[in-house]
Each structure stands twice: as structure tokens, then as C-alpha cells.
Amino acid sequence: MEAIVKAFFGVFLMLLLSMIGFGLISVSIDIRNAEFYATTVSDKIRAANYMEQVVEQCEEEAKEQGYTLTTEVYRSEDGSTKYGNLILDYDVKYPVFQFIEKRSISIGI
């Protein structure tokens, strides 16, 4: 009888650890995807020479994917040099622990 209880407890712990491990892998993938998306958007804005239409389009696409994208584009006084900041806010959901963490990525563009 004691062996059955120990075996059941061992299987339960293995399942629990597996679920926690899979949840952490899922969170890691979500974070990597958000970082990749932020980098892709910053490259796209730079390639379009900071056009307002492209910035607005990127912000709309980010909303569709569940992100909040904030861009600030600055121009020098003569208008030849452009630069800015890109901030991507997103939520990370930990499935096993059932809580949500808000994260932010900031990239100079």
C-alpha cells in the first residue's frame, strides 16, 4: 500500500514539474516573439525613412497582434536627420500560475 502512495505522489510531482516547464517555455517563446516583432517594426520604420503612414500602419498592426506600440519620431531643425524611440508594451501570461505580467521593450530608431 505504501508503494502505491509513493508511486502516485511521484507521478503527480512529475506531471506538475512538466506543466511548469512547458509553461515557462511558452513564456520564453512569447517574449522572444515580442522582441523579434519590435526589431522588425523598427527596421521597417527606418527603411521607410520615418514616414508617418508607415508608423501609423505599424501601430495598427501591433494592435491586431495584441501589442501596444508607441513611436516618437524627431527631426532635426534642418529636417535632414530623423530619429526616434519605439516602445512596445505587451502582456506575458504565465499559464500554470495564472497571472499576467506587463513588459515593455524600448528601441531607439
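Preceding this section is the structure that the text describes.
Cut-off values and rules
Residues numbered from 1 in each chain as written. Predicted model: local features only at pLDDT ≥ 70, side-chain atom pairs only at ≥ 80, totals over all residues. Heavy atoms only, no water. Helix = DSSP H or I, 4+ residues; strand = E, 2+ residues; numbered from the N terminus. Rg over C-alpha atoms; globule rule 2.2 N^0.38 Å. Buried < 20%, exposed > 50% of the residue type's maximum accessible area, 1.4 Å probe, protein only. Contact = heavy atoms within 4.5 Å. Areas by Shrake-Rupley, 256 points an atom, 1.4 Å probe, with all protein chains shown as cover. Lys, Arg positive; Asp, Glu negative; His and termini not counted. Charge placed at Lys NZ, Arg CZ, Asp CG, Glu CD. Core = buried A, V, L, I, M, F, W, Y, C linked by side-chain atoms within 4.5 Å. Pairing = 2+ DSSP bridges. Axes fitted to C-alpha atoms, helices over the stretch in contact; angles between N-to-C directions. Parallel < 35°, antiparallel > 145°, perpendicular 65-115°, else oblique. Left-handed = near helix turned anticlockwise from the far one by under 90°. Nonpolar A, V, L, I, M, F, W, Y, C, P; charged D, E, K, R; others polar. Polar contact = N/O pair within 3.5 Å; in protein donor to acceptor, adjacent residues only side chain to side chain. Phe/Tyr/Trp six-rings, centres within 6.5 Å; stacked < 30°, edge-to-face > 60°.

Novice: Any chance you could explain the overall build of the chain here in plain terms?
Specialist: When its secondary structure is counted, the chain shows two helices and three strands. Helices and strands appear in the chain in the N-to-C order α-α-β-β-β. Taking 13 Å as the expected radius of gyration for a compact globule of 109 residues, we find that the chain reaches 22 Å, considerably beyond that expectation. Taking the principal axes of the C-alpha coordinates as reference, the chain spans close to 85 × 20 × 20 Å. Counting the 109 residues in the chain, one finds 25% classified as buried. Within the chain, contacts between residues at least 6 apart in sequence are counted, and of these 39% link residues at least 24 apart. As presented, the chain carries roughly 7800 Å² of accessible surface, and 60% of it is formed by carbon and sulfur atoms. The distance from the centre of the 10 positive side-chain charges to the centre of the 16 negative ones in the chain is 5 Å.

Novice: Can you walk me through the nonpolar core in this structure?
Specialist: One broad rule of soluble globular proteins: the nonpolar side chains tend to lie buried together. Counting residues in hydrophobic clusters, the biggest one holds 23 residues, and the most contacted among them are I45, L86 and L88. Of all the secondary structure elements, the ones that give two or more residues to this core are α1 (2-47), α2 (52-64), β2 (82-94) and β3 (99-108). Looking at this core element by element, the count peaks at seven residues for α1. Not counting the four nearest positions on each side in its chain, L88 is found in contact with A34, Y37, A38, Y67, T68, L69, R103, S104 and I105.

Novice: How do you make sense of the pairing of β2 when you look at a structure like this?
Specialist: Strand residues, when the strand is regular, have side chains that alternate between the two faces of the sheet. Pairing geometry for strand β1 (residues 68-75) and β2, over eight bridges, is antiparallel. Looking at β2, one finds that R75 is bridged to K82. From the end of β2 to the start of β3, which pair antiparallel, there are four residues, and Q98 there has a positive phi angle of about 60°.

Novice: Honestly, the packing of α1 against α2 in this entry has me stumped. Any pointers?
Specialist: Helices that pack against each other are described as a pair by the angle of their axes relative to one another and the distance between those axes. One can describe the packing of α1 onto α2 by two numbers: an axis separation of 10 Å at closest approach and a directional angle of 160°. As the angle between them shows, α1 and α2 are arranged roughly antiparallel. The way α1 lies across α2 gives a crossing that is right-handed. For the pair formed by α1 and α2, the contact residues are Y37, V41, K44 and I45 on the first element and V54, V55, Q57, C58, E61 and A62 on the second. Here the residues of the contact of α1 with α2 sort into seven nonpolar, one polar and two charged.

Novice: Honestly, the side chain of T71 in this entry has me stumped. Any pointers?
Specialist: Note that T71 resides in strand β1. Given a relative accessible area of 15%, T71 falls into the buried group. Within the structure, T71 has its side chain in polar contact with the side chain of E59 (distance 2.8 Å).

Novice: Which parts of the structure should I look at to understand the packing of aromatic side chains?
Specialist: Two aromatic rings, taken as a pair, are described by how far apart their centres are and by the angle between their planes. Scanning the model with the defined rule gives four aromatic pairs in all. Here the aromatic rings of Y74 and Y83 are separated by 5.5 Å at their centres, their planes lie at 35°, and the arrangement is tilted. Judged by relative accessible area, Y74 falls into the partly exposed class, the value being 36%. An aromatic cluster of three or more residues is present, and its members are Y37, Y67 and Y90.

From the geometry alone we can't say anything about function, so treat these as descriptive.
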